[in-house]
Amino acid sequence: MTSRTTGLPVAGCSSAWWTEVAGFVHLHAHSHFSFMDGVSSPAALLERAAAYGMPALALTDHQGLYGAIRHYQAARNSGVKPIIGAEIVLEAVGLDDGVTIEGDVPPDNRLPLSPPVGSGRASASGFHLTLLAKDITGYRNLCRLLARTHVRTGDDPSVVALAELEQCSEGLIGLSGCPCGEAGAAVLAGLPMRSERALRRLERVFSPGDFYVELMHLMTPDSPRYIAALVALAQRIGIPVVATNNVHYLKRPDFRLHDVLASAGARTSLPGPYDRPNGELWLKPAGEMRLLFADVPQACDNTLAIAERCNLDLGLGGFHFPEAEVPAGDDAYSVLSKAAWRGLEQRYRPITPEAVRRLQHELSIIERLGFPEYFLVVKDIVDFAKSRGIRYSGRGSAGDSIVAHLLGITDADPIAHDLLFERFLNPARRQMPESTSTSTPGEGMRPSPTRRSSSWKRTGARYASASGACST
Amino acid sequence: MGRNREIKAFDPRRPGQPLDLFTATDTKLPVIMEILRSPWIVRASDLIQPASTGMAGKKREREVEVVWDGTRAGPRSFMMEGRHYPVDAVVQSWAAERAWWDPRKRLSRRCYRVLARGGLYDVAYDRLAGRWLLVGVVD
């Protein structure tokens, strides 16, 4: 497979090729979806990465996946492999046994928390950690983790607990984070033992080989010592290292805009909450990154290895329905067919050849277009409404379907009223049925307005994985 | 000789004493490089202390002429007060961008810490003035 714009291989190519030609992949990059922090759009970052000939690019915005789909789509169009991740804020994990919060640590040994910018309610409440989705399981876990984090009640900060990360770590690759991560902050504070404890605990959270010590050469006088200390710790523990650049802008002169955004975000005057010593958080080409990490070449090699292991397919453009409950040994089409034929016996007396032909025709189209689960979910919602005495009605072109009629979703007989099924589902127009094109499953039927909240509450609880949220 | 004449006159290489770090003169550079890269050793000039306590390093700022080495992306040599300093090794480099919003305090430099003639020097290219400066002679 080759890039459409660069003509370079992007997947399935050998490690030797990646190392020799591509050289480096940025695995820690913020777009302007890191509000009041990142400067560049996902598309601009991708365009530059493609121009550099980079085979992949990760987007790791603060505490969210707001730019993930744009990044994914733009990457596919530009021939760069998309890697989706996020920079979360994690509770302290390297504390001494018996100490649970940073405030209980003696003042001299406390670490500076992340600056009050970029991470919303989690700012100044924990330590950064970079997560990358290896596959769809990892992506789901990342969504789950972030959703849980953002639905905290009251004034609780959006900080991820170690226990939550353990539950959601499958399919994720973890990087130990920037100098605002616990391991990095501890090294800078001269507390290598705390850094080691944090690294050891984090390593146990992820699958073997899925946790890396993140090295950043931020071009400060301290950078060589910072890197050397982390490399020494990584070697002692046996964790691989990986190089990143904490990209916040496209090119060096953009650092001014980053400073201004961060200052405004933290409601402070310049130089702002980070007080950056320079403007080096730009999307550097592979050669420059290799030069910075000339003493630790494996850190750059590992960016390519990680990029090769991240193969996320979101299946955009297809339909993804919530999974209906299907008995063992059956599949969704089988269950739907049985229910429809049972409905035919009940609704049609006598059963006419026309009704049989119509049902067979509709079932074949439903199966071909991949909608059996959709019908089962809507039927489940209808059954729930019936069981609770909630009035409802099927609506729109759903009334044209004999299957909907036989499942009890609609009451009008489409044969008696000479209704055309193709208005509802049409093999020549592969999209959601007309009445449900922008809706969640079950929108083809409307429960009584007075009972609607309870209906949607139950639907949401049962099929929550089909819903999404984006807070701005 | 001043008040510290005994210290200055002290000969650390007493007869028969082995050279612990350097087995020969040409092994000096790699050993120094390793020491400078050590994460656990901090140079006195890096310590932030009040001026009254003194620092082992000296902060200077004077214009120098630098010959650039494109292959290793660092200075090849520099001239200071008419004396030529060939660079034995570039120890590290860093960038400094400070107070870009204030024309009076603004600073934009690319700095290189180099070993030359047995000493450690910080030379910096001032992007605003377009000239090379010696900004530190350390330890």
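Starting afresh in each chain, residues are numbered from 1 along the sequence in its written order. Key to labels: chains lettered from A, ligands numbered from 1, both in the order written. Totals for whole chains, interfaces and linings use all residues, but because this is a predicted model, local features are given only for residues with pLDDT of at least 70 and pairs of side-chain atoms are given and counted only at 80 or more.

Enquirer: How should the overall build of chain B be read in this particular structure?
Expert: In this description a helix means any DSSP run of H or I spanning at least four residues, a strand means any run of E spanning at least two, and both kinds are numbered starting from the N terminus. On a plain count of helices and strands, chain B comes out with two helices and seven strands. Secondary structure elements in chain B, listed N-terminal to C-terminal, are α-α-β-β-β-β-β-β-β. Note on burial: count the other C-beta atoms lying within 10 Å of the residue's C-beta; 20 or more is buried, 12 or fewer is exposed, in between is partly exposed, and C-beta positions come from the backbone. When the 139 residues of chain B are sorted by exposure, 14% land in the buried category. A separation threshold of at least 6 residues defines the contact pool for chain B, and within that pool the share at least 24 residues apart is 38%. Here, residues touch in the contact sense if the C-beta positions derived from the backbone fall within 7 Å of one another.

Enquirer: In this structure, what is going on with the pairing of strand β2 (residues 65-69) of chain B? I would like to understand it.
Expert: Every other side chain in a regular strand lies on the same face of the sheet, so the side chains alternate between the two faces. At least two bridges found by DSSP between two strands is the condition for calling them paired. As paired strands, β2 of chain B and strand β3 (residues 74-80) of chain B are joined by five bridges and run antiparallel to one another. Across the sheet, D69 of chain B pairs through a bridge with G74 of chain B, a residue of β3 of chain B.

Enquirer: I keep staring at the sheet that holds strand β6 (residues 241-244) of chain A and nothing clicks. Help me out?
Expert: Within a beta sheet, neighbouring strands are joined by backbone hydrogen bonds and run either parallel or antiparallel to one another. Residues and elements named next belong to chain A. Strand order in this open sheet of six strands is β1-β2-β3-β4-β5-β6, and the pairing throughout is mixed. The sheet is open, and its two edges are formed by β1 (56-62) and β6, each paired on a single side. Geometrically, the sheet is characterised by an average inter-axis angle of 35 degrees between neighbouring strands, direction not taken into account. Axis definition: a line fitted to C-alpha atoms, limited for helices to the stretch in contact. Angles are taken between N-to-C directions and run from 0 to 180 degrees. Across the sheet, helix α8 (residues 223-237) touches β5 (211-216) and β6, and the angle it forms with β5 is around 165 degrees.

Enquirer: Looking at this structure, how should I read the interface of chain B and chain A?
Expert: Accessible area lost upon the coming together of the parts serves often as the stated size of an interface. Opposite the 12 residues of chain B that make contact, chain A presents 17 residues. Among the elements that make up the side of chain B that touches chain A, the one with the highest residue count is strand β4 (residues 83-98) of chain B (five residues).

Enquirer: In this structure, what is going on with the packing of helix α2 (residues 42-52) of chain A against helix α3 (residues 68-78) of chain A? I would like to understand it.
Expert: Residues and elements named next belong to chain A. At a minimum axis distance of 9 Å, the contact between α2 and α3 shows a crossing angle of 30 degrees. In terms of their interaxial angle, α2 and α3 are classed as roughly parallel. Here the hand of the crossing between α2 and α3 comes out right-handed. Across the interface between the two elements, P42, A43, L46, E47 and A50 from α2 touch R70, H71, A74, A75 and S78 from α3. Convention used here: angles under 35 degrees read as roughly parallel, angles over 145 as roughly antiparallel, angles from 65 to 115 as roughly perpendicular, and any remaining angle as oblique. Rotating anticlockwise by less than a right angle from the far helix to the near helix defines a left-handed crossing, while the corresponding clockwise rotation defines a right-handed one.

Enquirer: I tried to follow the environment of A96 of chain B on my own but got confused; where do I start?
Expert: Residue and element names in this part refer to chain B. By the element assignment, A96 lies in strand β4. Here A96 falls in the partly exposed class, since 19 other C-beta atoms lie within 10 Å of it. Separated by 11 residues in the primary sequence, A96 and L107 place their C-alpha atoms 7.1 Å from one another.

Enquirer: Looking at this structure, how should I read the nonpolar core?
Expert: All names here are of chain A. Counting residues in each nonpolar core, the largest one holds 109 residues, and the members touching the most others are L57, L132, V213 and L215. Among all residues touching L132, those that are not within four sequence positions of it are L27, A58, I83, G85, L172, I173, I306 and C310. A set of buried residues qualifies as a nonpolar core if it consists of Ala, Val, Leu, Ile, Met, Phe, Trp, Tyr and Cys joined through C-beta atoms within 7 Å. Residues A332, Y374, Y392 and I402 belong to the second largest nonpolar core, which totals 25 residues.

Enquirer: Got a minute to help me understand α2 of chain A in this structure?
Expert: What sets the pattern is the α-helix's 3.6 residues per turn: residues three or four places apart point alike. Residues and elements named next belong to chain A. Of the residues making up α2, those classed as buried are P42, L45, L46, A49, A50 and Y52. Considered in projection along α2, the buried side chains sweep an arc of 155 degrees and stay on one side of the axis. Residues of α2 that are buried in the fold lie against β1, α3 and α10 (286-292). This arc corresponds to the set of directions leading from the helix axis out to the C-beta atoms.

Enquirer: Please explain the packing of helix α7 (residues 192-205) of chain A against α8 of chain A as it appears in this structure.
Expert: Between two packed helices, both the angle of their axes relative to each other and the distance between the axes serve to describe the pair. Residue and element names in this part refer to chain A. Between α7 and α8, the shortest axis-to-axis distance is 10 Å and the interhelical angle comes to 50 degrees. Taken together, the axes of α7 and α8 lie oblique to each other. In terms of crossing hand, the pair formed by α7 and α8 is right-handed. Every residue of α8 that contacts α7 at P192, S195, E196, L199, R200 and E203 is listed here: A229, L233 and I237. Tallied by class, the residues present in the contact of α7 with α8 amount to five nonpolar, one polar and three charged. Three classes are used: nonpolar for Ala, Val, Leu, Ile, Met, Phe, Trp, Tyr, Cys and Pro, charged for Asp, Glu, Lys and Arg, and polar for all others, with Gly counted as polar.

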